[in-house]
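This is what each chain is made of:
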Amino acid sequence: MQTQKNVRKSFVLRKGRITVAQRRALKSLKNKYTIPVGKKRLDLAEAFINKERKLIGDVGFGSGESLLSMANKYQDANFVGIEVYPSGIGSTLNQIKQSKLTNLKLIESDVYELLETKIVKETFDTMVFLYPDPWPKKRHKKRRLLSEDFINLLHEKMTIDGLVFCKTDWEDYYCQIKQVFAIDKKWAAEELTNLPEYLKSLPKTKYERKARTEGRNSWELFFRKVTR
């Protein structure tokens, strides 16, 4: 009997409140604005009307403030938001409909599992990680998403010259991410002054507002894939 491969998870699912509006959106809008994950590998470009556009992924988009801002600012690219929490997906679905966006789709999935088992190579032109879970307790740090293993997996799924943008409010996580990319010669650090317009002046997420309230600064990191 064949056993299922154990796939690493990038999160621990927590119970959260979901509103009536979010639940309604999940029921009525999911088929139109999400990409279903089945058994086969996904060619994400096929989910969009303009298949030749650059593809930008936003991982853990929460309630969608930054994702929606990027998709509105840069309508010459396609955007895919990846999230595990139904409340954030429901909220964002409503806003996609209200904004009449045709360049934005959502995927309900853990990003590690999605990249490892469902996404074809060299899919994304940009990947965005805004305030990934810092797992601040020492015993939990091994759960952090942006680790050496994940960076290797991410490299396979990025196009050549693909961009990775990260933002965190935990200094030791910032240092860890910076070191992981620095020792991997398949990546090069980019100057933040070279950020694409859609990544500039992003709205503050609730996590960033919380960090400010608690007296924590934010750090940004920007990398480019330089070799296959």
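Computed from a predicted model, the values in this text were never measured in an experiment.

Rules used in this analysis
Residues numbered from 1 in each chain as written. Predicted model: local features only at pLDDT ≥ 70, side-chain atom pairs only at ≥ 80, totals over all residues. Heavy atoms only, no water. Pairing = 2+ DSSP bridges. Helix = DSSP H or I, 4+ residues; strand = E, 2+ residues; numbered from the N terminus. Salt bridge = Lys/Arg side-chain N within 4 Å of Asp/Glu carboxyl O. Buried < 20%, exposed > 50% of the residue type's maximum accessible area, 1.4 Å probe, protein only. Core = buried A, V, L, I, M, F, W, Y, C linked by side-chain atoms within 4.5 Å. Contact = heavy atoms within 4.5 Å. pLDDT = per-residue confidence, 0-100. Polar contact = N/O pair within 3.5 Å; in protein donor to acceptor, adjacent residues only side chain to side chain. Patch = residues over 30% accessible without salt bridge, like charges linked within 9 Å, V, L, I, M, F, W, Y side chains within 5 Å. Areas by Shrake-Rupley, 256 points an atom, 1.4 Å probe, with all protein chains shown as cover. Lys, Arg positive; Asp, Glu negative; His and termini not counted. Charge placed at Lys NZ, Arg CZ, Asp CG, Glu CD. Axes fitted to C-alpha atoms, helices over the stretch in contact; angles between N-to-C directions.

Looking at the pairing of strand β7 (residues 219-225)
Stage number 1. As defined by bridge partners, strand β5 (residues 158-168) adjoins β7 across six bridges and the pair is classed as antiparallel. Bridged to K167 within β7 is E220.
Stage number 2. Of the pairings in the sheet, the one linking strand β6 (residues 187-189) to β7 comprises three bridges and is antiparallel in character. Paired with A189 across the bridge in β7 is F223.

Observations regarding the pattern of salt bridges
Stage number 1. With the rule as written, the count across this model stands at 13 salt bridges.
Stage number 2. The partner of R209 in a salt bridge is E65, with the nearest N and O atoms 3.8 Å apart. A residue pair is termed long-range when its members are at least 10 positions apart, and R209 in helix α8 (residues 206-213) and E65 in helix α3 (residues 65-73) qualify at 144 residues.
Stage number 3. In this structure R209 comes out as partly exposed when scored by relative accessible area, which is 42%.
Stage number 4. The salt bridge involving R224 is made with E190; its shortest N-O contact spans 3.1 Å. In this pair, R224 is assigned in strand β7 and E190 in the loop between β6 and α8, connecting sequence segments 34 residues apart.
Stage number 5. Three or more residues joined by partner-sharing salt bridges are found here, namely K167, E208, R212 and E220.

Examining the nonpolar core
Stage number 1. L44, F124, F129, F150 and L154 are the most contacted members of the largest nonpolar core, which totals 34 residues.
Stage number 2. Those elements that provide at least two residues to this core are β1 (54-59), β2 (77-83), α5 (111-117), β4 (124-130), α6 (148-157), β5, α7 (171-182) and β7.
Stage number 3. Looking at which element gives the most residues to this core, the answer is α7, with five residues.
Stage number 4. In this structure L154 touches L115, M127, F129, V164 and W187, once residues within four positions along its chain are discounted.
Stage number 5. L67, A77, F79 and Y198 belong to the second-largest nonpolar core, a separate cluster that totals 28 residues.

Digging into the side chain of S69
Stage number 1. Along the polypeptide, S69 turns up in helix α3.
Stage number 2. S69 gets classed as buried once you look at its relative accessible area, which sits at 15%.
Stage number 3. If we ignore the near neighbours within four places in the chain, the residues touching S69 are L202 and P203.

Details of the confidence of the model for the protein chain
Stage number 1. With 93% of its residues at a pLDDT of 70 or more, the protein chain has an overall mean of 91.
Stage number 2. Here residues 1-7 is modelled with pLDDT under 50, and outside its nearest four sequence neighbours on either side it reaches four contacts, counting other chains as well.

Things to note about the environment of N72
Stage number 1. Positionally, N72 belongs in helix α3.
Stage number 2. What makes N72 partly exposed here is its relative accessible area of 35%.
Stage number 3. Between the alpha carbons of N72 and K100 there is a distance of 9.7 Å; along the sequence they are 28 residues apart.
Stage number 4. From its side chain, N72 meets the backbone oxygen of L68 in a polar contact 2.9 Å long.

Comments concerning a positive patch on the surface
Stage number 1. Judged by side-chain charge, K137, R139, K142 and R143 come together as a positively charged surface patch.
Stage number 2. Within the secondary structure, K142 sits in the loop between β4 and α6.
Stage number 3. Since its relative accessible area comes to 72%, K142 is described here as exposed.

Notes on the sheet that holds strand β3 (residues 104-108)
Stage number 1. Overall, mixed pairing links the seven strands, which are arranged β3-β2-β1-β4-β5-β7-β6 in an open sheet. Of all the strands in the sheet, just β3 and β6 have a single pairing partner and so form its edges. Adjacent strand axes in the sheet meet at a mean angle of 20 degrees when their direction is disregarded.
Stage number 2. Two elements, β4 and β5, share six bridges in a ladder whose sense is parallel. Among the inter-strand pairings, M127 is bridged to a residue of β5, identified as V164.

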